[in-house]
Amino acid sequence: MINVMLVEDEELILQGIRCIIDWEELSMSVVSMARNGEEALKLFQENPVDILVTDVEMPKMNGLELIKEIRKIDPKTRCIILSGYDEFEYARSALKLDVEEYILKPINEDQLKQALAQARNRLLQLSQNQGQGPWDGELWRRFLERKMDEKQAARFCGDLPQIGEQERVCPAVMKVDAESMKKQEAILTVISEIQKLPCTVKTACLSSDTLFLLLYAPQEECGNAQEIFSGLQNNLESQYGVMSFLTVAPSVQGYNELPDSYKTASRLQKYRILEGYGSCITESYIKNRATPDVVIDETLLRKTILKKDKEGALHYIEDLFINNLRCGVNIDALYQLALKLTVLLQEIKAEYKLEQTRNLQNLSEMIEQIYKADDVLGLKSIFLSEITEIITYLHTEDSQYTPVIRQIMAEVQNNYKEDMNLKTLSYKYNMNASYLGKIFQKEVGCSFAQYLSNTKNRIAKDLILNTNMKIGDIAKEVGYPDTSYFYRKFKQCYGVSPASLRSIKKYDVI
């Protein structure tokens, strides 16, 4: 708890301040109250506090004089001034004394709460920084991602606490569940709890919900790092309802090894989708996991969807994710499964002209959602929702095409590499080219040129995902002699470039 002292010469206001704030919610406790500056100074000398909330005009010693004396004892104490006087000189003096906030009476509860939270944040920052080197998140990100040159990195490491001869550093990445952080300051509560650990753990806030932790311990005790971090997780969950996922990297002897450790811990963060929040894992935990070939009965699933058997389709997805992906599977198998399912659904949407249908997602949107999912249940729900939408939009009965349109569609499927156009086809089927184009547009829902392009792109997509062919060779294989033109048409169709789709296939996503 952060200790607070209240100083106010009017008893009614003093008790009012004591009662209007939920101090426990702010992780604070009012440990002393005084009616004038002299009494407050004496109490502070006996029992220093972290935050001082004081009136300005008081008998014996005013608030500004009190703050000056307290600064001589402990310059870190955060001070908030309350005043009934809206005078520039008071405010200017307060600024010189590094006062957190200057609040005018009558006191606004929200303004005071905000000032107290700001003071607590400043205390945590000072606690992190005092004699312990730079813990700024942006600096740490640049260092860990190797975006510093050698001199900058050396200077950065030189400013960090010295590692003892018999000591090692155990790094970890902590992802806090945003849904469990009901209050904006929850991440600071996490940092505060870390500081209470019986061992030395330093933190760098890399983002609003991600911390980089460094546990300093003798070499023989480094094996307990996972146990220590798990205990921290349990405490955060039981005391504050804050859930987290921790990945612990192997210990290091020098700070120059941290970027590699950070890379390991970040890569392990992908397993959050399998393990869920509340878990703390190491590299050895997933070392021997299998990466089985993901087998999806595409024919069965496609048939079930096209029959509008929603219950059957959803049951198949449920079985696929829950029964076939038991704990112990490698994360790549999970992403491979999700990617194959995504491609299958995109093919169905393309075949039945549902790509632009409202509430349905394109390939890039689906992939983005996949990698944002927090757990298997969240991932499964993405596909359950999409399949439900597809079945909703499918026509009651299969689309009926005239014989000539069916022949043309079959010819496209078999001869998509050829230089095909409506003019040559109209000669072949003894029809007017313009009339044939109108019939095709009406029955298929897109122009012949668009249908041909979609067919080529769908086949190209399969080659990108399932072969190691070069992109240029794939372009030629599907009938695009100009690779740049192929890139343009493919991106128009799927929203991602061929190269981007292939990089996604590698699952290099944190």
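Before any of the text, the structure's been laid out above.
Residues numbered from 1 in each chain as written. Predicted model: local features only at pLDDT ≥ 70, side-chain atom pairs only at ≥ 80, totals over all residues. Heavy atoms only, no water.

Student: If you had to explain the overall build of the protein to someone new, which residues and values would you point to?
Tutor: Secondary structure assignment for the protein yields 24 helices and 10 strands. The 510 residues of the protein split such that 49% are buried. Contacts in the protein between residues far apart in sequence, at least 24 positions, make up 68% of those at least 6 positions apart. Accessible area of the protein: about 26,000 Å², with a carbon and sulfur share of 47%. (Helix = DSSP H or I, 4+ residues; strand = E, 2+ residues; numbered from the N terminus. Buried < 20%, exposed > 50% of the residue type's maximum accessible area, 1.4 Å probe, protein only. Contact = heavy atoms within 4.5 Å. Areas by Shrake-Rupley, 256 points an atom, 1.4 Å probe, with all protein chains shown as cover.)

Student: Which residues make up helix α3 (residues 63-73), and what values go with them?
Tutor: Every buried residue belonging to α3 is among Gly63, Leu64, Leu66, Ile67, Ile70 and Arg71, and all of these are buried. Down the axis of α3, the smallest arc covering the buried residues is 155°, so these residues share one side. N-capping of α3 is provided by Asn62, with a side-chain oxygen placed 3.1 Å from the backbone N of Leu64. (Arc of directions from axis to C-beta. Polar contact = N/O pair within 3.5 Å; in protein donor to acceptor, adjacent residues only side chain to side chain.)

Student: Which residues make up the environment of Asn108, and what values do they have?
Tutor: Following the sequence through the fold, Asn108 ends up in the loop between β5 (101-104) and α5 (109-129). Here Asn108 falls in the partly exposed class, since its relative accessible area comes to 39%.

Student: Break down the sheet that holds strand β9 (residues 244-248) for me, with residues and values.
Tutor: In space, the five strands of this open sheet follow the order β7-β8-β6-β9-β10, with mixed pairing throughout. Every other strand in the sheet has two partners, leaving β7 (200-207) and β10 (280-282) as the edge strands with one partner each. The sheet shows a mean angle of 25° between the axes of neighbouring strands, taken without regard to direction. Pairing of β7 with strand β8 (residues 210-218), which is carried by seven bridges, proceeds in the antiparallel orientation. Residue pairing for β8: Ser207 is matched across the bridge by Thr210. (Pairing = 2+ DSSP bridges. Axes fitted to C-alpha atoms, helices over the stretch in contact; angles between N-to-C directions.)

Student: Before we move on, could you go through the side chain of Ser279 and cite the residues and values that matter?
Tutor: Mapped onto the secondary structure, Ser279 falls in the loop between α11 (272-275) and β10. Ser279 gets classed as buried once you look at its relative accessible area, which sits at 17%. Reaching out from Ser279, the side chain makes a polar contact with the backbone oxygen of Glu275 at a distance of 3.3 Å.

Student: Describe the nonpolar core, and please don't skip the residues or the numbers.
Tutor: With 78 residues, the main nonpolar core has Ile305, Leu379 and Phe383 as its most contacted residues. Counting residues per element, this core draws most heavily on helix α15 (residues 331-351), which supplies 11 residues. Among all residues touching Phe383, those that are not within four sequence positions of it are Ile317, Phe321, Ala338, Leu341, Thr342, Leu345, Met366 and Ile370. Counting residues in hydrophobic clusters, the runner-up holds 24 residues, among them Met174, Val176, Val201 and Ala225. (Core = buried A, V, L, I, M, F, W, Y, C linked by side-chain atoms within 4.5 Å.)

Student: Account for the packing of helix α18 (residues 403-415) against helix α21 (residues 448-466), with residues named and values stated.
Tutor: Where α18 meets α21, the closest approach of the two axes is 10 Å, and the angle between their N-to-C directions is 35°. For the crossing formed where α18 meets α21, the hand is right-handed. Touching Ile408, Met409, Val412 and Gln413 of α18 are Phe448, Tyr451, Leu452, Thr455 and Arg458, all from α21. The residue makeup of the contact of α18 with α21, split by class, is six nonpolar, two polar and one charged. (Left-handed = near helix turned anticlockwise from the far one by under 90°. Nonpolar A, V, L, I, M, F, W, Y, C, P; charged D, E, K, R; others polar.)

Student: Would you mind going over the pattern of salt bridges in detail, with residue names and values included?
Tutor: Inspection of every chain in the model, using the stated rule, returns 15 salt bridges. Salt-bridge contacts for Asp55 lead to Lys105; the nearest nitrogen and oxygen are separated by 3.3 Å. Of this pair, Asp55 sits in strand β3 (residues 51-55) while Lys105 sits in the loop between β5 and α5, placing them 50 residues apart in sequence. We classify Lys105 as partly exposed; its relative accessible area is 24%. (Salt bridge = Lys/Arg side-chain N within 4 Å of Asp/Glu carboxyl O.)

Student: Quick rundown of the sheet that holds β3? Include the residues and the values.
Tutor: Read across the open sheet, the five strands follow the order β2-β1-β3-β4-β5; overall the sheet is parallel. Two strands in the sheet have a free side with no partner beyond their single neighbour: β2 (28-34) and β5. When the angles between neighbouring strand axes are averaged without regard to direction, this sheet yields 20°. As defined by bridge partners, strand β1 (residues 2-7) adjoins β3 across four bridges and the pair is classed as parallel. Paired with Val7 across the strands is Thr54, a residue of β3. Against the sheet, helix α2 (residues 37-46) touches β1 and β2, its axis set at about 130° to β2.

Student: Outline the side chain of Thr54, supporting the account with residue identities and numerical values.
Tutor: Its place among the elements puts Thr54 in strand β3. For Thr54, a relative accessible area of 0% translates into the label buried. With residues up to four places along the chain from it excluded, the contact list for Thr54 reads Val7, Gly63, Leu66, Ile67, Ile80, Ile81 and Leu82.

Student: Residues and numbers for the pairing of β3, please.
Tutor: Across the five residues that make up β3, a large majority, five, are buried. Both β3 and strand β4 (residues 78-83) contribute to a ladder of five bridges, which runs parallel. Across the sheet, the residue bridging to Asp55 is Leu82, located in β4. With α3 bridging β3 and its parallel neighbour β4, the resulting β-α-β unit is right-handed. (Right-handed = clockwise from strand over helix to strand, strands pointing away.)

Student: Outline unusual backbone geometry, supporting the account with residue identities and numerical values.
Tutor: In terms of backbone geometry, most residues other than glycine have negative phi values and most peptide bonds are trans. Following Lys105, the chain continues to Pro106 via a peptide bond in cis, the omega torsion being -5°. Positionally, Pro106 belongs in the loop between β5 and α5. In this structure, Lys308 is a non-glycine residue whose phi angle is positive, near 60°. Summarising the element assignment, Lys308 is placed in the loop between α13 (298-306) and α14 (310-323). Overall, the relative accessible area of 35% leaves Lys308 in the partly exposed class.

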